[in-house]
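Understanding the architecture of this molecule
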Amino acid sequence: MKITEKSFGKLVKLYTLENDQGVQLSVTDFGARIVRLQVPVDGHYRDLVLGFNTVEEYLEKDHFMGATIGRVAGRIAAGKFNINGENYQVDLNENGNTLHGGSDSFETKIWESKKNVTDELATVTFTYTSPANENGFPGNLNVAVTYSLDNANGWSVDYKAYSDVSTVFNPTNHVYFNLDGDPAKSVANHDLQVEADYYAPLDKNKLTIGKKQSVEYSTFDFRHSKKIAEVFEGDNTQNRMVDGLDHPFLLNKNNSQKIDARLVSSDGRVAIDLTTSSPAIVVFTANFGADFNVPMRHSTFNNHGGITLETQVTPGAERYPKFGSIILNKDERYHEHTLFSLEF
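Now for a quick tour of the structure. (Residues numbered from 1 in each chain as written. Predicted model: local features only at pLDDT ≥ 70, side-chain atom pairs only at ≥ 80, totals over all residues. Heavy atoms only, no water.)

**Looking at the pattern of salt bridges**
Applying the stated criterion across every chain yields a total of 21 salt bridges. With a closest N to O distance of 4.0 Å, D47 and R297 form a salt bridge. One end of the pair, D47, is in strand β5 (residues 44-47); the other, R297, is in the loop between β26 (293-296) and β27 (299-302), with 250 residues separating them in the sequence. The salt bridge partner of E343 is R262, with a shortest N-O separation of 3.2 Å. Separated by 81 residues along the polypeptide, E343 in strand β30 (residues 334-343) and R262 in strand β23 (residues 261-264) bring together distant segments of the chain. Residue E343 is classed as partly exposed on the basis of its relative accessible area of 37%. By relative accessible area, R262 is classed as partly exposed at 22%. Linked through salt bridges whose partners overlap, the residues forming this network are D197, E216, D221 and R223. (Salt bridge = Lys/Arg side-chain N within 4 Å of Asp/Glu carboxyl O. Helix = DSSP H or I, 4+ residues; strand = E, 2+ residues; numbered from the N terminus. Buried < 20%, exposed > 50% of the residue type's maximum accessible area, 1.4 Å probe, protein only.)

So this is what it looks like as structure tokens:
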């Protein structure tokens, strides 16, 4: 196990965690972000996640990609919520709503960092204090995000936080996967499995509507592994509205030993098993339109060229208690954990 460190631009560092099997996980203090994940396949390294080579590219092309998202991942309708009888209005940055914590949130900050290596585990912990009223959110919020890589080819993201005032907190990681190693290639032929009997439908503004919809007999039924292509090719109105998936799946938590999701490359050579303490996964299939084309490393990022598995509380929970709670009470300790187990 080892960690190497190098510059990733002015004041920004890139850390590469490597295990004894040659898995390499690169993360940066810019947005507490995953930049690269590579595994050896047939003697060559294959990139499993999307990313750019410079901070400038992230700012220019997609500042959410791979980043820690907060304070609240997803959309807050009209930027309004209530905590203990007090109303709050936060920054609006997308069609009159708040997306991913508002403008210039966690993903654009340079976080403090600390690395640690043992014989079996390499970790980098990023910390950031979001000041009271940042983008309108109450409380000084102290956040720690730890990326880990072990010798069993598992990598994880661990979130801890506390606030001096009751606030809302629902973070996630916005990493895009393409297990074929080429973001120019659609993820349509990846196999996806999600242990969820229900998903949350959206309105035309991509806001949840407070409904839990059964996946039974629909394109949203991924309880048994199947090709993602079905959501692009079918006539389900929810899929057609967003050109794929941009939906929360409410995880079945009746068996703690079961994986929560599994993604397999189109050639079957690489797979990721996801296990999380979070109650939902937002699956987004990079629906950016047929003409979308962004230079990325040795290739281009095209429409449907990646898929996210964003572990969190279902967006809209501040309006719909049936989705859970995102209130973090004063001095309460927040802790959630997601493990991605690699097979190759």
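Structure shown, so let's carry the discussion forward.
**A few points about the packing of aromatic side chains**
Per the stated rule, a full pass over the model turns up 22 aromatic pairs. Between F81 and Y88 the ring centres are 5.5 Å apart and the planes differ by 20°, which places this aromatic pair in the stacked class. The exposure classification of F81 matches that of Y88, with both residues buried. Relative to F340, the ring of F177 lies with its centre 5.7 Å away and its plane at 45°, an arrangement referred to as tilted. In this pair, F177 sits in strand β17 (residues 176-177) while F340 sits in strand β30, placing the two residues 163 residues apart along the sequence. Through successive ring pairs, a cluster of aromatic residues spans Y176, F284, F288, F292 and F301. Here the guanidinium or amino end of K226 rests over the ring plane of F222, the centre of that ring lying 4.7 Å away. (Phe/Tyr/Trp six-rings, centres within 6.5 Å; stacked < 30°, edge-to-face > 60°. Lys NZ or Arg CZ within 6 Å of the ring centre and 35° of its normal.)

**Thoughts on the nonpolar core**
One finds W155 and F177 to be the most contacted residues of the largest nonpolar core, which totals 62 residues. Ranked by residues supplied to this core, first place goes to strand β13 (residues 141-150) with five residues. Leave out the neighbours within four places in its chain, and W155 touches L25, I34, L37, Y147, S148, L149, F177, T338, L339, F340 and L342. Ranked by size, the runner-up nonpolar core spans 16 residues in total, among them F8, L14, Y58 and M65. (Core = buried A, V, L, I, M, F, W, Y, C linked by side-chain atoms within 4.5 Å. Contact = heavy atoms within 4.5 Å.)

**Section: the environment of N87**
Position of N87 relative to the elements: it lies in strand β9 (residues 86-89). Ignoring any residue separated from it by four or fewer positions in sequence, one finds N87 in contact with F81 and N82.

**A look at unusual backbone geometry**
Cis peptide bonds are those with omega within 30 degrees of zero, and the linkage from G70 to R71 qualifies with 10°. Its location among the elements puts R71 in the loop between β6 (68-69) and β7 (75-76). If you check the backbone angles, H304 has positive phi at about 65° while not being a glycine. Tracing the sequence through the fold places H304 in the loop between β27 and β28 (307-312). For D331, which is not glycine, the phi dihedral falls at a positive 65°. Mapping D331 onto the fold places it in the loop between β29 (327-328) and β30.

**Examining the pairing of strand β14 (residues 154-163)**
Taking burial as the measure, the 10 residues of β14 include eight buried ones, the bulk of the element. Between the antiparallel neighbours β13 and β14 lie three residues, among them N153 with a positive phi of about 65°. As paired elements, β14 and β30 share eight bridges and run antiparallel to each other. Residue pairing across strands places D158 opposite H337, the latter belonging to β30. (Pairing = 2+ DSSP bridges.)

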